[in-house]
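Spelled out, the chains give:
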There are 2 protein chains.
Amino acid sequence: MAVGLGPLSTLHPVPGFELGIASAGIKRPGRKDVVVMRCAEGSSVAGVFTLNAFCAAPVILAKKRVQGSVRYLLTNTGNANAGTGEPGLANAMRTCAALAQLTGVDEGAVLPFSTGVIGEPLPVEKIESALQAALDDLSENHWAEAATGIMTTDTLPKGASRQFVHDGVTVTVTGISKGAGMIRPNMATMLGYIATDAKVARSVLQDLVRDAANKSFNRITIDGDTSTNDCCMLIATGRAALPEITQASGDLFAKLKEAVFGVFMEVAQAIVRDGEGATKFVTVQVNGGATHQECLDVGYAVAHSPLIKTALFASDPNWGRILAAVGRAGVAQLDVSLIDVFLGEVCIASRGCRAASYTEEQGAAVMAKEEITIRIELGRGGCSETIWTTDLSHEYVKINAEYRT
Amino acid sequence: MAVGLGPLSTLHPVPGFELGIASAGIKRPGRKDVVVMRCAEGSSVAGVFTLNAFCAAPVILAKKRVQGSVRYLLTNTGNANAGTGEPGLANAMRTCAALAQLTGVDEGAVLPFSTGVIGEPLPVEKIESALQAALDDLSENHWAEAATGIMTTDTLPKGASRQFVHDGVTVTVTGISKGAGMIRPNMATMLGYIATDAKVARSVLQDLVRDAANKSFNRITIDGDTSTNDCCMLIATGRAALPEITQASGDLFAKLKEAVFGVFMEVAQAIVRDGEGATKFVTVQVNGGATHQECLDVGYAVAHSPLIKTALFASDPNWGRILAAVGRAGVAQLDVSLIDVFLGEVCIASRGCRAASYTEEQGAAVMAKEEITIRIELGRGGCSETIWTTDLSHEYVKINAEYRT
């Protein structure tokens, strides 16, 4: 039931970055569930990781190792290797060591990523036995296959690609992501991998991934449940025949930033469009806040309200639920008589109560659409924030009640 | 689908407190939707009210008037008179004035309460035309009828009653409540009315209602959506032949407090048991916190997680979702290696990961029950908090998607 999400568009290969997939049969025999990505020597890699205190073993390891030199990213689905304690950490290290041995790189140059059920022991042997096949499959042209290989409850693969030309050189930024539930990223999404052939130092790349994630992955929510396994990686292979890019590179940096932010936003929003049971793609825009935090507080109160989400599912312009959520968002000294609320372009509440011009038909017309914008004007200051979310449908309950059966 | 909630038990009349119901046809012709309660002259009345910034017109008025002398409580269902601005306030005043005129009391001695759809104009004439019938119906024996008259999406009326004897005098505490959705009270529930014939000064009564609500109504949540209309009132008519009760009354105060807290807890938990679509009654107990607030943060993260709520609905012991919720609750410097989690008496996670003794069968046996306790031991200090909530079922989505149709 993905909203406004079609088949993958063209994902341009990124010189110096290869992807290979294989089947380890972790959850179901024959399912492609292991993805290996190889970064050319000299690549810079940066990432952002979940802030969940129960972060998974692979996250603990990847977070540490990304500080050093990275050559391989190893991903499995079907098992999150989270809530598994010391044995989980040892298992994550074992799979990395196995890949390091097959490829002759340092063990520390392999970053592990896992997604799936929390709390089950990682099936290390199954993963190890699939590694050679994944390596044999490595190709710069396998982005689409990898986008499929990292899926769990996703119904469609997610990817985006941008190119720009600078001094006659074409630079590519391509990325993929996965995730449909346990989505309220707090640093990054469930899993996102974005690569470019630009040459960028790690420290600059780290700033880029942080800023881009903050405007994209960190502004989407499906169920409010921050995962234990969120990771978002940005890789720069440096193969494009251009000088190294820093914040001081002027126009070149601006072009790269625009391409990177564009890919981040597209793959982050794709997660919402494919949210569990989603029938609507909802933009919650909060303007006029005194601080960014209060805009986010209001936005998330609206985006997480099961009453609003079920009304969205029903295409019911039950706008009183929006007012109630704004009122309970915890904003200090909120003056409701300054607040306007819009559904699409329709003003539903003006100065804290039903707009005189509003008719139920106007609201119903907006709610009938697949893509809906709720705009809240707080009238307190100049800060704005935007969050993207889904509705709450019968299908959502069905998917999550039956997830392990 | 109310969980462990049967027909009303005996609700003892409270001398000096009468209730009458009538039909104004606000939402459906013939439905009993207006309730009038009369407090004998000299009664003390205290209350706690929603902290939602968009609090409804009747809340604004009742909050102010409860400071003075109160004789009548006037409740309507079918329309919340919230998000209605100045005209809403004028409408609330008009219905109170009409009741005052019929009964010859001061206008300020009437407190209004409304519950139902947010944002529609209050049908004042309909309510006015039902007032005389409600007055004619007044009786100390009409608690059960009033409990039914204040229902909206509730499937069963909710009430509780306690009596104690002091110096040969029987004192009664009886209360009723309503609410099944938009329930995360923040000061009180949707609507609760508890009366006693003890003699208690207003200031003492105010402390009692605050403390009792904090341990009961303010610890239940169904959907996390704090209502615009929450009110909980405690009335003391003073008709029992005993001296006035204060905190210095020793055993007598202790008995009253126990009875009041008992009634509050029973009618608050009844709201959860009758929560929209509820198939489970869930107790979330958080122990070992460094502060009460962090216990509440963890408890609400668990109680509001749609992933945990859908797993509860499915009777699926998917405990990884519990760990993930604890980990994202925002507790600073949370050491996950100190955390134990129990499902009923079964230890599912020990020191932050799956307990060695745990088997899926043990978890499934607990989850199969209608009443489930999730206990989280943080290992950080001596504070504890308990929250009561429901699961998230297909029925929940159905009820809230179709509420206005």
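The rules we used
Residues numbered from 1 in each chain as written. Chains lettered and ligands numbered in written order. Predicted model: local features only at pLDDT ≥ 70, side-chain atom pairs only at ≥ 80, totals over all residues. Heavy atoms only, no water. Helix = DSSP H or I, 4+ residues; strand = E, 2+ residues; numbered from the N terminus. Rg over C-alpha atoms; globule rule 2.2 N^0.38 Å. Contact = heavy atoms within 4.5 Å. Areas by Shrake-Rupley, 256 points an atom, 1.4 Å probe, with all protein chains shown as cover. Domains from an automatic or database assignment. Buried area = accessible area lost by both parts, 1.4 Å probe. Salt bridge = Lys/Arg side-chain N within 4 Å of Asp/Glu carboxyl O. Polar contact = N/O pair within 3.5 Å; in protein donor to acceptor, adjacent residues only side chain to side chain. Nonpolar A, V, L, I, M, F, W, Y, C, P; charged D, E, K, R; others polar. Phe/Tyr/Trp six-rings, centres within 6.5 Å; stacked < 30°, edge-to-face > 60°. Buried < 20%, exposed > 50% of the residue type's maximum accessible area, 1.4 Å probe, protein only. Pairing = 2+ DSSP bridges. UniProt positions renumbered as here; feature names shortened; annotations may be inferred. Least-squares fit on C-alpha atoms with pLDDT ≥ 70 in both.

Trainee: Which residues make up the overall build of chain A, and what values go with them?
Mentor: Along the backbone of chain A there are eleven helices and 15 strands. Taking 22 Å as the expected radius of gyration for a compact globule of 405 residues, we find that chain A reaches 22 Å, a close match to that expectation. Along the first, second and third principal axes, the C-alpha set of chain A runs to 70 × 55 × 35 Å. Across chain A, every contact between residues at least 6 apart in sequence was considered, and the portion connecting residues at least 24 apart equals 81%. In the form shown here, chain A has an accessible surface area of approximately 13,600 Å², with 50% of it arising from carbon and sulfur atoms.

Trainee: Report on the domain arrangement of chain A, specifying residues and quantitative values.
Mentor: Residues and elements named next belong to chain A. The domain architecture assigned to chain A consists of domain 1 (17-272) and domain 2 (281-401). One C-alpha centre belongs to domain 1, the other to domain 2, and the line joining them spans 33 Å. Counting residues at the interface gives twelve residues for domain 1, matched by 13 residues for domain 2. Carbon and sulfur atoms supply 57% of the area buried between domain 1 and domain 2, which totals about 1,200 Å² over both sides. Sorting the residues of domain 1 by area buried against domain 2 places Arg219, Thr221 and Val272 first, and these three jointly supply 46% of that buried surface. Our count for the contact surface shared by domain 1 and domain 2 stands at one salt bridge. The partner of Glu385 in a salt bridge is Arg219, with the nearest N and O atoms 2.9 Å apart. The interface formed by domain 1 and domain 2 contains seven residue pairs in polar contact (both at pLDDT 80 or more). Broken down by element, the residue count for the side of domain 1 that touches domain 2 peaks at three residues, all from helix α6 (residues 251-273). Across the side of domain 1 that touches domain 2, the residue classes break down as four nonpolar, four polar and four charged.

Trainee: Just give me the short version of the packing of aromatic side chains, but keep the residues and values in it.
Mentor: Any aromatic ring pair is given by two values, namely how distant the centres are and how the planes are angled relative to each other. With the rule as written, the count across this model stands at eight aromatic pairs over all chains. A ring pair is formed by Phe113 of chain A and Tyr193 of chain A, whose centres lie 5.5 Å apart and whose planes are at 85 degrees; its orientation type is edge-to-face. Residue Phe113 of chain A is found in strand β5 (residues 110-117), and its partner Tyr193 of chain A is found in strand β8 (residues 191-196); the two are separated by 80 residues along the sequence. Both residues of the pair, Phe113 of chain A and Tyr193 of chain A, count as buried. Ring plane angle 65 degrees and centroid distance 5.6 Å describe the contact between Phe217 of chain B and Phe264 of chain B, whose orientation is recorded as edge-to-face. Residue Phe217 of chain B is found in the loop between α5 (202-215) and β9 (231-236), and its partner Phe264 of chain B is found in helix α6 (residues 251-273); the two are separated by 47 residues along the sequence.

Trainee: Kindly report on the sheet that holds strand β13 (residues 353-354) of chain B, identifying the contributing residues and their values.
Mentor: All names here are of chain B. An order of β13-β12-β11-β14-β10-β15 is seen for the six strands of this open sheet, with the pairing classed as mixed. In this open sheet, the two edge strands, each paired with only one partner strand, are β13 and β15 (383-390). Pairing between strand β11 (residues 340-343) and strand β14 (residues 371-377): four bridges, direction antiparallel. Residue Phe342 lies in a different strand from β14, and its bridge partner there is Arg375.

Trainee: Lay out unusual backbone geometry with the relevant residues and their values.
Mentor: A negative phi holds for most residues other than glycine; trans holds for most peptide bonds. Even without glycine at this site, Asp167 of chain A takes up a positive phi of about 50 degrees. Mapped onto the elements of the fold, Asp167 of chain A is located in the loop between β6 (158-166) and β7 (169-178).

Trainee: Could you give me a rundown of the UniProt feature "binding site: substrate" (unreviewed entry) in chain A, with the residues and numbers involved?
Mentor: Following the UniProt record, one finds the feature "binding site: substrate" (unreviewed entry) at Thr152, Lys178, Thr189, Glu276, Asn400 and Thr405 of chain A. Position of Glu276 of chain A relative to the elements: it lies in the loop between α6 and β10 (281-289). With near-sequence residues (within four places) excluded, Glu276 of chain A lies in contact with Thr153, Ala180, Gly181, Ile222, Tyr396, Ile399 and Asn400 of chain A together with Leu307 of chain B. Of note is the side chain of Glu276 of chain A, whose polar atom sits 2.9 Å from the side chain of Thr153 of chain A.

Trainee: So what's going on with the relation of the copies chain A and chain B? Residues and values would help.
Mentor: The operation relating chain A to chain B is a screw motion whose rotation component is 180 degrees, with 0.0 Å of axial translation and a residual RMSD of 0.0 Å. Here the two chains are linked by the operation of a two-fold rotation axis. Rotation axis and chain A: the residue whose C-alpha lies nearest the axis is His394 of chain A, separated from it by 2.9 Å. A high fraction, 100%, of the interface residues of chain A reappear at the interface in chain B, so the copies pair face to face through one surface.

Trainee: Please give an account of the side chain of Asp225 of chain A that cites residues and values.
Mentor: Within the fold, Asp225 of chain A resides in the loop between α5 (202-215) and β9 (231-236). Asp225 of chain A sits in the buried class, given a relative accessible area of 2%. Reaching out from Asp225 of chain A, the side chain makes a polar contact with the side chain of Ser305 of chain B at a distance of 2.7 Å. Discounting chain neighbours no more than four positions away, the residues touching Asp225 of chain A are Met182, Ile183 and Arg184 of chain A together with Ser305, Pro306, Leu307 and Arg328 of chain B.

Trainee: Go over the pairing of β15 of chain B with me, naming the residues and quoting the values.
Mentor: Residues and elements named next belong to chain B. Burial analysis of β15 places six of its eight residues in the buried class, the great majority of the element. Relative to β15, strand β10 (residues 281-289) runs antiparallel, the two sharing seven bridges. Pairing of Gly289 across the sheet is with Cys383, part of β15.

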